[in-house]
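Observations on the model geometry
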Amino acid sequence: MTTTLPSAPKVGMVSLGCPKALVDSERILTKLRADGYEMSGNYDDADVVLVNTCGFLDSAKEESLEAIGEAIAENGRVIVTGCMGNEAEVIRQRFPGVLAVTGPHQYEAVVGAVHEAAPVPPSPFLNLVPERDLKLTPRHYSYLKISEGCNHRCAFCIIPSIRGDLVSRRPDAILREAEKLVQAGTKELLVISQDTSAYGVDIRHQPRAWKGGEVRAHMTDLARELGRLGAWVRLHYVYPYPHVDQVIPLMAEGLVLPYLDIPFQHASPKVLKAMKRPANEAKVLERLKAWRAICPDIAVRSSFVVGFPGETEEDFQYLLDWLDEAQLDRVGAFRFEPVEGAAANALPDPVPEEVKEERYARVMEKTAAISAAKQRAKIGRTLDVIIDAVDAEDGGATGRSKADAPEIDGEVHLRDAGHLKPGDIVSVVIEDADDHDLFGALPGA
């Protein structure tokens, strides 16, 4: 007698927004896998489709709504979660057919909605715990979320209203997750949160037992312990609080990558005050100089908003002059965009769209020139590079130096490297450079 086993329901996932949302998607899919679901890479054979939305900017909201619409058109059975889930009425008004809407990091709610929409048939063969967490990133790098929410109240941002105030994870729980990731093949840990520097403030930096000792819930202690796991450790979304200075020696020692992602947003004291952000741009320049003295290879990336309400030509020129002095390695710029619910919307003197475009072009031209000069200075050096992709057909490979985070920074393109594989960390002689990328080969190639 042949027994026909029940088939597992399949779940599709569309994940939008920042790496923090990507971590949420991975956690949701891991739980669903543990509950007996299979993952689907297309709309056609999925029993239900999850859309993890972004709600930070109006343009991101529109992208999320378009993704929901596409999922409904292609599949019809859609569950919405993520940051835009807080605007359930807007979503349901436009798409009354959605099965459920949940907010950000509401894992139990979204998993429960999937169970209701596509129940798993009872079977001892389906309800199995997966061997390891499901990942949406390549095996060799992983995002490591250390906290949720934010205590800042920046005028242009609605993250606290979406994700709440700062809630830090226990340091031992973070380190256990990181250890498991490294054991599973992760070569680079990308530390993320809304405000990495504030990690542990809400739990008074309470220490926890770890490896026969204690580790505080503090960015410096956490970075040191992560660095001892043997993987590259890259710090993102670091506000320049005074204690950040304590992390720079860890970079000089090689425990943490010499890389800081600091969201400065502007340099003009007047604009920073209007943004409700710390206006200490002069002191930041002094600290950048001190950091480079301790760790000459440190790469600093940042993002800036142009066209904020009230920004004058004088304010913008102040930013350009500041960038000349700061000599940041990586810079992203954004045109100010009103976000529903943000305090900045009520500020006077909005900047015309054509002026925003002109300033955006100028700041990108300025920072591209700085980046190009920094890249050219690396020609002739030998750098460690982590390989992301290999083209066996043409023998090339693409990777990143310690100064490059995945997807947002530059790349290193290698010739005669078809024998490498993703996750390899190799020494590369830099032979050429453009504004953002490097070109090189293995020594002796």
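Bear in mind the structure is a predicted one, so any value in this text is a computation, not a measurement.

Structural notes on the environment of Met 84
Note on placement: Met 84 falls in the loop between strand 4 (78–82) and helix 3 (88–94). The spatial distance from the C-alpha of Met 84 to the C-alpha of Cys 54 is 5.7 Å, given a sequence separation of 30 residues. Setting aside its immediate chain neighbours within four residues, Met 84 contacts Thr 53, Cys 54, Gly 55, Lys 61, Ser 64, Leu 65, Val 90 and Ile 91.

A few points about the pairing of strand 19 (residues 425–433)
Where strand 16 (residues 382–391) and strand 19 come together, five bridges link them in antiparallel fashion. Residue pairing in the sheet places Leu 383 in a bridge with Val 428 of strand 19. In terms of strand pairing, strand 19 meets strand 20 (residues 438–441) through four bridges, oriented antiparallel. In the strand pairing of strand 20, Ile 430 is matched with Gly 440.

So, the confidence of the model for the protein chain
Residues with a pLDDT of 70 or more make up 94% of the protein chain, whose mean pLDDT is 88. Segment residues 1–5: pLDDT under 50, and one contact once partners within four positions in sequence are set aside and those in other chains are kept. This stretch, residues 124–132, has a pLDDT under 50; its non-local contacts, to residues over four places away or in other chains, come to 20 contacts.

What about the sheet that holds strand 17 (residues 396–401)?
Backbone-to-backbone hydrogen bonds join strands into a sheet, with any given pair of strands oriented parallel or antiparallel. Pairing within the closed barrel is mixed, and its five strands lie in the order 16-17-18-20-19. Going from strand to strand, the sheet's axes swing by 50 degrees on average, the running direction of each strand aside.

A closer look at the nonpolar core
In terms of nonpolar packing, the biggest core is built from 51 residues, with Leu 226, Leu 260, Trp 322 and Leu 328 touching the most fellow members. Here this core gets six residues from one element, more than from any other, and that element is helix 11 (residues 313–326). With 18 residues, the next largest nonpolar core counts Val 11, Met 13, Leu 50 and Ala 117 among its residues.

What counts, and at which threshold
Residues numbered from 1 in each chain as written. Predicted model: local features only at pLDDT ≥ 70, side-chain atom pairs only at ≥ 80, totals over all residues. Heavy atoms only, no water. Helix = DSSP H or I, 4+ residues; strand = E, 2+ residues; numbered from the N terminus. Contact = heavy atoms within 4.5 Å. Pairing = 2+ DSSP bridges. pLDDT = per-residue confidence, 0-100. Axes fitted to C-alpha atoms, helices over the stretch in contact; angles between N-to-C directions. Core = buried A, V, L, I, M, F, W, Y, C linked by side-chain atoms within 4.5 Å. Buried < 20%, exposed > 50% of the residue type's maximum accessible area, 1.4 Å probe, protein only.

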